Amino acid sequence: MTLQTPMPETAAPLLEVRDLVKHHGQVRAVDGVSFHIRAGETVGLVGESGCGKSTLGRAIMGLAPLTSGEVRLDGAVISGLPYAQVRPLRKRMQMVFQDPYASLNPRRRVGQIIEEPLKVHGLGSAKARRAQVIELMARVGLPADAAGRFPHEFSGGQRQRVGIARALALSPALIVADEPVSALDVSVQAQVVNLMVRLQQEMGLSYLFISHDLAVVHYIADRILVMYLGKIVEVSDRARVWKQPLHPYTAGLLAAHPSPDPAGAHRPHLRIEGDMPSPTAPPPGCRFHTRCPFKVERCASEEPALRALNDGRSVACHLVEVSADGIAHAPTERTAAPIRSAEPALPLSPS
Amino acid sequence: MTTGALPHTGAPPVLAVRGLTTRLKTRAGEVTVVDGLDFTVHAGETLAIVGESGSGKSMTALSLMRLLPEAVAFNAGGSALLNGRDLLAVSEREMRGLRGADISMIFQEPMTSLNPVMRIGRQLEEVFEEHKPELSRAQRRARAADLLKLVRIPDPERVLDELPHRLSGGMRQRVMIAMALACDPKLLIADEPTTALDATVQAQILDLLRALQAELGLAIVLITHNLGVVAENAHRVLVMYAGRKVEEAPVAELFAAPRHPYTRGLLRALPNPDAADAGPRVPLMEIPGIVPALSALPKGCAFGPRCPVALPACAETRPELRPVGRGSAACLLVTPAEALA
C-alpha cells in the first residue's frame, strides 16, 4: 500500500499553510491549520457545514485577510502582502466555486467570462486572447459556439465547465475548488469529476478539493484532510481513509455516508450523536469530545495536538495509540463495540 | 442496507396510485410533469421515488398532497386511493381534513416550513387545534411534549418554548417529523428530508424515521436524489425520468440487477469507496448530455438521446413499462426473458 507521491518529499511544496487562523468576530472559523500541497497533488478537504473548510479555501486564496498564520506559494509568503504584490502571484492560484449559477456574470457572454482573467492581467493581444478562449473551451468540452452565448443558456454542468475554463485561463499551478460538484445532478457530477481528473493529468495541476461528500473526496484526492470545528483532526490518504479511519470523527463521517453498494452494509456502524457545537464557543479540550463515543476524562480538558505518525498520516486524538511495531490503532479497535468487527486491523506496510 | 423486500400479508395498500398525471401551465404552454404514474405503498413499507432534478418526483408528492396552486398546475388524470378514498377527487374541505391527519408530508428545509416567530410548542398545538378540537389546552401541551419525546428530542419541555432558529437543522427536522406524526397518519411523504442536513445528522434522522416506521407501522414515500439513502432505507424503489416511471423493483434487486440503462448509469456514475482499492482511479461512468426539457421531449424514449445502448427503434417508440424480475422497466431492450437469463 504505497502512497503515490507525484514529487519527491524533499521538493518544496507548491502550497504551504502554516498555523492559519481566521476569525470572524466571535466565530473561530479556522483555528490553527497547517498543511501543504505538492505539485501535481490533489488534497481533499472534507468536513460538515460550519467546520471552516470554505473559509480556509477563501483565506488561502487571499479573498479574506488572515487573523494570523501564513500561506506560502513555492516557498514565498503570499499572505498579508499588499494587493499589488499579490496580483502577479494570483495567476498561479485560481478558484472554482460551488454554484455555477451565482459565480458567472449573467450579463456577460461565455467567451467574455473566460477571457476576463487574461484581460485583467493584460495578457496577449485581443486576437491571441480569443484564440486562447477557443482552446480553453475545447479543453473543458464546451462547444465552439458557446462563446457567444450567455450563462443562462447552459445547464449546471456546462456552466461549471465555464467556471473551470475561466480558472484555467491563466495556466494556474493550483486550483482551489470549493464544492465544485455539489450543486450538480449525479449524472452530471461524474462528467465534471472526470474532467477535473483529466485536466490534472494533462496540465499537471494541483487541487485543493473542498467537499462535504467523503465519497467524492475519496475518489479524487491523493491525500485527505478531515476538518472539524476549525481544526484538522486527521490527515490520511486515499488508500487508508475509508478502510482504516483513525479519528472517531472520520469513522463516524464515513459510517454516516449512505452507501449505494450492498457491500457498504458491512461497513462499521458508528453513530455520531448530536450536532456540531457553535464555532463561537468550541468545547474545551478536544473539540469533538462532546460527540465522541470513546471520550475519556482527558479529552474534556486537554486539547490533542495533530501529531504526525510514521506511516505518513496525522491525527489529533488522545486515544489513537501507536504500538511498539509502529502501527497506529484507532480507539475504536479496543472497545466493546468495535467499528470494524469483521476485519482485523491491517498492519500498515512500511513502504 | 437494513431492509429487504417487505412480505405483504395480502393487506390492501395504504396508498394506491393509478395513472397519476399532472400538467403544469408554463409560458411556453402546458407540459406534463407527472405522466401516468402507478404505484402502491403498504403499511410499514418505504417506497423510494428517486430521480434527478426535473424528473417529477417532487411534483408527484405535491400532486398527492394537492399542494400545487391551481393557477399553475392541474390534475390531468388518474386516481390516488388512500385507504379507499381518492385524494384527487375529494373536495378541498375533505382534503384539509386528510392532510396532516391521514397523510402528512415533511420537506427538505425545515426552517422554511416552520413559522420563525412562533414557539415550537405553539406550532405543534396548532395541529391539534385543526384536527383534535376536543383537546383542552393542557392536553394539547402534554401531547406536544409527547411528540417531541417520540422523535427523541432531549429536554422536550424546554424545546416547546424555543423559537425555531434556536434549534439546529437536525432538531428542526425532528420537530417537523413530530408535527407530521401528530395525528397518527397512515402515510408519510418525505421529500428530500435530509438533503439540507450534514452527513452525521442525516444518518440520525434516517435512523429515526426507520425506528418510527417500525413502531407505528407507517407507510412512507421517500423522495430523494441520493441512491445511498435509497439503498439503506427503502423496501422498494421507483426510478423516475422526465416525469415517467422508468423502473420499479425491490431495493435489493434494483441495486443488484438494475434493468433500465438510466438506472444503471446512475449507479455507475457514483464513486464507490466501498468497492475501491488503492489502485489507479477508474474514470466514473458518465451519462452524456442533460435531462431533456419537458416541453421538448423526444418522440420515442425520453432517455434515448443519452442512452449508450439505444437502438433506432428507441427514437420512434415510447417504451411501455413491462414486468421484469420482481419489478418492471420501461425499455425496449428489456424483456422478461432477458431478465430471467
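Keep in mind that this is a model prediction, so the values were computed, not measured. (Residues numbered from 1 in each chain as written. Chains lettered and ligands numbered in written order. Predicted model: local features only at pLDDT ≥ 70, side-chain atom pairs only at ≥ 80, totals over all residues. Heavy atoms only, no water.)

### Some remarks on the overall build of chain B
Now for step 1: Along the backbone of chain B there are 12 helices and 13 strands.
Now for step 2: Taken over the C-alpha atoms alone, chain B extends approximately 70 × 55 × 45 Å along its principal axes.
Now for step 3: In chain B, which comprises 341 residues, the proportion classed as buried is 53%.
Now for step 4: Put simply, 66% of the contacts in chain B that link residues at least 6 apart link residues at least 24 apart.
Now for step 5: With an accessible surface of roughly 14,400 Å², chain B has 56% of that area assigned to carbon and sulfur atoms.
Now for step 6: Distance from the positive charge centre (37 side chains) to the negative charge centre (37 side chains) of chain B: 2 Å. (Helix = DSSP H or I, 4+ residues; strand = E, 2+ residues; numbered from the N terminus. Buried < 20%, exposed > 50% of the residue type's maximum accessible area, 1.4 Å probe, protein only. Contact = heavy atoms within 4.5 Å. Areas by Shrake-Rupley, 256 points an atom, 1.4 Å probe, with all protein chains shown as cover. Lys, Arg positive; Asp, Glu negative; His and termini not counted. Charge placed at Lys NZ, Arg CZ, Asp CG, Glu CD.)

### Description of the pairing of strand β9 (residues 219-224) of chain B
Residue and element names in this part refer to chain B.
Now for step 1: Among the six residues of β9, six are classified as buried, and the element is accordingly described as predominantly covered.
Now for step 2: Pairing analysis gives five bridges linking strand β3 (residues 46-50) to β9, with the strands arranged parallel. If you follow V50 over to β9, its bridge partner there is T224.
Now for step 3: One crossover worth recording links strand β8 (residues 187-191) to the parallel β9 by way of helix α8 (residues 199-216), and it is right-handed. (Pairing = 2+ DSSP bridges. Right-handed = clockwise from strand over helix to strand, strands pointing away.)

### As for the nonpolar core
Now for step 1: L15, F35, L56, I60, I114, I164 and L208 of chain A are the most contacted members of the largest nonpolar core, which has 127 residues in total.
Now for step 2: Considering each element in turn, this core owes the most residues, nine residues, to helix α6 (residues 186-203) of chain A.
Now for step 3: Both domain 1 (15-234) and domain 2 (250-274 + 283-340) of chain B contribute no fewer than three residues apiece to this core.
Now for step 4: Sequence-distant contacts of I60 of chain A, that is, excluding residues within four places in its chain, are made with L15, V17, L20, F35, V71, I78, M93 and L208 of chain A. (Core = buried A, V, L, I, M, F, W, Y, C linked by side-chain atoms within 4.5 Å. Domains from an automatic or database assignment.)

### Some words on the side chain of Q160 of chain A
All names here are of chain A.
Now for step 1: Relative to the assigned elements, Q160 resides in helix α5 (residues 156-168).
Now for step 2: Residue Q160 is classed as buried on the basis of its relative accessible area of 1%.
Now for step 3: Side-chain polar atoms of Q160 contact the backbone oxygen of F97, separated by 2.8 Å.
Now for step 4: For Q160, the residues in contact, after removing those within four places along its chain, are V96, F97, Q98, P100, P180, L184 and V192. (Polar contact = N/O pair within 3.5 Å; in protein donor to acceptor, adjacent residues only side chain to side chain.)

### As for the environment of T290 of chain A
All names here are of chain A.
Now for step 1: Assignment of secondary structure puts T290 in the loop between α8 (248-256) and α9 (297-301).
Now for step 2: What makes T290 partly exposed here is its relative accessible area of 43%.
Now for step 3: T290 sits 18 residues away from I272 along the chain, and the two C-alpha atoms are 10.0 Å apart.
Now for step 4: Not counting residues within four places of it along the chain, the set of residues in contact with T290 comprises P277 and P283.

### Remarks on the confidence of the model for chain A
All names here are of chain A.
Now for step 1: For chain A, the average pLDDT comes to 88, and 89% of its residues sit at 70 or higher.
Now for step 2: A low-confidence stretch, residues 1-8 (pLDDT under 50), is modelled with 16 contacts involving residues beyond four sequence positions or located in other chains.
Now for step 3: Contacts for the low-pLDDT stretch residues 334-351, under 50 throughout, to residues beyond four places or in other chains number 29 contacts. (pLDDT = per-residue confidence, 0-100.)

### Topic: the interface of chain A and chain B
Now for step 1: Counting from both sides, the interface comprises 42 residues of chain A and, opposite them, 46 residues of chain B.
Now for step 2: For the pair chain A and chain B, the summed buried area comes to about 3,700 Å², and 53% of that belongs to carbon and sulfur atoms.
Now for step 3: Taken together, the links from chain A to chain B amount to two salt bridges.
Now for step 4: Between D222 of chain A and R281 of chain B there is a salt bridge, with the nearest N and O atoms lying 3.2 Å from each other.
Now for step 5: Between chain A and chain B we count 22 residue pairs in polar contact (both at pLDDT 80 or more) in total.
Now for step 6: Elements with a minimum of two residues in the side of chain A that touches chain B: α6, α7 (214-220) and α8 of chain A.
Now for step 7: Counting residues per element, the side of chain A that touches chain B draws most heavily on α6 of chain A, at seven residues.
Now for step 8: Of the residues in the side of chain A that touches chain B, the class split is 20 nonpolar, 11 polar and 11 charged. (Buried area = accessible area lost by both parts, 1.4 Å probe. Salt bridge = Lys/Arg side-chain N within 4 Å of Asp/Glu carboxyl O. Nonpolar A, V, L, I, M, F, W, Y, C, P; charged D, E, K, R; others polar.)

### A look at the sheet that holds strand β1 (residues 15-24) of chain A
Residue and element names in this part refer to chain A.
Now for step 1: Ordered by their spatial adjacency, four strands build an open sheet running β2-β1-β4-β5, and the pairing between neighbours is antiparallel. Both outer strands of the open sheet, β2 (27-37) and β5 (76-77), are each paired with one neighbouring strand and no more.
Now for step 2: Pairing of strand β4 (residues 68-73) with β5, which is carried by two bridges, proceeds in the antiparallel orientation. Paired with L73 across the strands is A76, a residue of β5.
Now for step 3: Lying over the sheet, helix α1 (residues 53-60) contacts β1, β2 and β4, oriented at roughly 120° with respect to β1. (Axes fitted to C-alpha atoms, helices over the stretch in contact; angles between N-to-C directions.)

### Things to note about the sheet that holds strand β7 (residues 174-178) of chain A
All names here are of chain A.
Now for step 1: Pairing is mixed across the open sheet formed by eight strands, whose spatial order is β6-β7-β8-β3-β9-β10-β12-β11. What marks the edges here is a single partner per strand, and that holds for β6 (93-96) and β11 (307-308).
Now for step 2: Relative to strand β9 (residues 223-228), strand β3 (residues 42-46) is paired through four bridges, and the arrangement is parallel. Residue pairing across strands places L45 opposite L225, the latter belonging to β9.
Now for step 3: Its contacts with the sheet put α6 on β3, β7 and β8 (206-211), and the angle it makes with β8 is roughly 160°.

### A short note on the domain arrangement of chain B
Residues and elements named next belong to chain B.
Now for step 1: Domain assignment breaks chain B into domain 1 (15-234) and domain 2 (250-274 + 283-340).
Now for step 2: In this assembly, 11 residues from domain 1 lie in contact with 11 residues from domain 2.
Now for step 3: Buried surface at the junction of domain 1 and domain 2, both sides included, amounts to about 960 Å², of which 70% is carbon and sulfur.
Now for step 4: Together, V31, E52 and L227 form the three largest contributors to the area buried by domain 1 at its contact with domain 2, with a combined 48%.
Now for step 5: Where domain 1 touches domain 2, the interface holds one salt bridge.
Now for step 6: Across the pair D35 and R318 runs a salt bridge, and its minimum N-O distance is 3.3 Å.

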